[in-house]
Amino acid sequence: SEEFYKRTVARLQRIQGHLAEAPRSGRLRGKVCVITGVGSVKGIGRATAMLFAHEGAKHLYLLDFDETNLPDLKQAIEGKYPDVKATVQQGDASDEETIENLVKRAMQEEGRLDVFYANAGIATIDSVHNTSTEVFMRVMRINALSCFIAIKHASLAMMKANPSRGKEHSGGSIILTASVAGLRSGAGSVDYSASKAAVNNMAQTASYQLRNSDIRVNSICPGLIETGMTAQTFDYAASRGTTGKIGQLNPMGRYGVAQEIANMALFLASDEASYVNGQNYAVDGGLSSSHPVAP
Ligand code: NAD
């Protein structure tokens, strides 16, 4: 109902307002971080970049395919947090040379890499019969291959930087963005779900392969989050006056906001997560564990 929707929005605004005004705790003090997919104004990547800056990251290397909003993001970070440096770059997160060079740049300028958040991704919603091989391969490349490339080059850099890492820091943290669609049957398409399932397994397998390196690899599985990616769903519902119905099958009765995913990324990036490794974390209001059956 409209009343329920209004209450939901008010609750989300309270959550966001509270987080935006929270004092800076310095949980990421001194850390050098790469985040991909930061160019969408309402996206998870941008919310995470702002939160990492808020929590005192030293230098953020920020990449997006679409350069439109990158200068504004750099300004938003450095304007609000003068102690944080933001380097923005246009580029494809699934291009190995681009990522290798970005990581090299961080190592040359800062001599270390603490966090790599592989967040860039694209979504498709189509039937298996309408999905071409080209689309399938593109989704796998951007969503899954990008995570493989991130793990490969971030871990190499982190291992090199290890000897010079100060005692106050734990080893590196590699965070991948999967989806609840990668945990079980998703509402989206087969290509998207398969790519995200691959990401979840990469967190598990890579964490084991990188054993004894003090590098942690985990993935985050967001539920339905209001971002640029889902704007069409929200716009369509708004045009029909049914926004209140979005998320009604969720145990929390609502969809999520980017900040709520950023909070999990912050925890995984911080030293507080020093024994958290090889896991796939659903941040979905309980959706993936509740098995609602649609009428
Ligand atoms: P978004 O579309 O708002 O932002 C994604 C950003 O990634 C965009 O700025 C886009 O330009 C960038 N990008 C896409 N491909 C890229 C590439 N190859 N190289 C560099 N940048 C690229 O979407 P979002 O919702 O913030 O999505 C972030 C991540 O969260 C994605 O991996 C997505 O699959 C995942 N996710 C989102 C939801 C949701 O409901 N929004 C749910 C589950 C998972």
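Preceding this paragraph is the structure being described.
On a predicted model such as this, the values are computed, not experimentally measured, just so you know.

Is there a simple way to think about the packing of helix H2 (residues 44–54) against helix H8 (residues 258–269) in this case?
When two helices pack together, their arrangement is captured by the angle between the axes and the distance separating the axes. Interhelical geometry of H2 versus H8 gives an angle of 50° and a closest axis separation of 8 Å. Considering their axes alone, H2 and H8 lie oblique with respect to each other. Here H2 and H8 pass one another in a crossing that is right-handed. Here Ile44, Ala47, Thr48, Leu51 and Phe52 of H2 come into contact with H8, specifically with Ala258, Gln259, Ile261, Ala262, Ala265, Leu266 and Ala269.

Just to check I follow, could you spell out the site of the ligand for this structure?
Taken together, 29 residues form the shell around the ligand, and within it Gly37, Ser40, Gly43, Gly121 and Gly228 come nearest. Of all the secondary structure elements, the ones that give two or more residues to the shell around the ligand are H2 and strand E2 (59–64). Of the residues that constitute the shell around the ligand, the class distribution is 12 nonpolar, 14 polar and 3 charged.

Sorry if this is basic, but what is going on with helix H3 (residues 70–80) here?
Residue pairs spaced three or four apart in an α-helix point in one direction, given the helix's 3.6 residues per turn. Restricting attention to buried positions, one finds in H3 the residues Leu70, Leu73 and Ile77. Taken end-on, H3 shows its buried residues confined to a sector of 60°, consistent with a single buried face. The exposed set on the far side of H3, more than 90 degrees from its buried face, consists of Pro71, Gln75, Gly79 and Lys80. Those residues of H3 that are buried lie in contact with H2, E2 and strand E3 (85–90).

Mind showing me how you'd approach the nonpolar core here?
Proteins that are soluble and globular tend to have nonpolar side chains buried together. The biggest cluster of nonpolar side chains holds 78 residues, and the ones touching the most others in it are Leu60 and Leu62. The leading source of residues in this core is helix H5 (residues 133–161), at 10 residues. Each residue touching Leu62, except ones within four places of it in the same chain, is listed here: Ile35, Val38, Ala49, Leu70, Leu73, Ala86, Thr87 and Val88.

Definitions and cut-offs
- Residues numbered from 1 in each chain as written.
- Predicted model: local features only at pLDDT ≥ 70, side-chain atom pairs only at ≥ 80, totals over all residues.
- Axes fitted to C-alpha atoms, helices over the stretch in contact; angles between N-to-C directions.
- Helix = DSSP H or I, 4+ residues; strand = E, 2+ residues; numbered from the N terminus.
- Parallel < 35°, antiparallel > 145°, perpendicular 65-115°, else oblique.
- Left-handed = near helix turned anticlockwise from the far one by under 90°.
- Contact = placed C-beta atoms within 7 Å.
- Near = placed C-beta within 6 Å.
- Nonpolar A, V, L, I, M, F, W, Y, C, P; charged D, E, K, R; others polar.
- Buried ≥ 20, exposed ≤ 12 C-beta atoms within 10 Å, placed from the backbone.
- Arc of directions from axis to C-beta.
- Core = buried A, V, L, I, M, F, W, Y, C linked by C-beta atoms within 7 Å.

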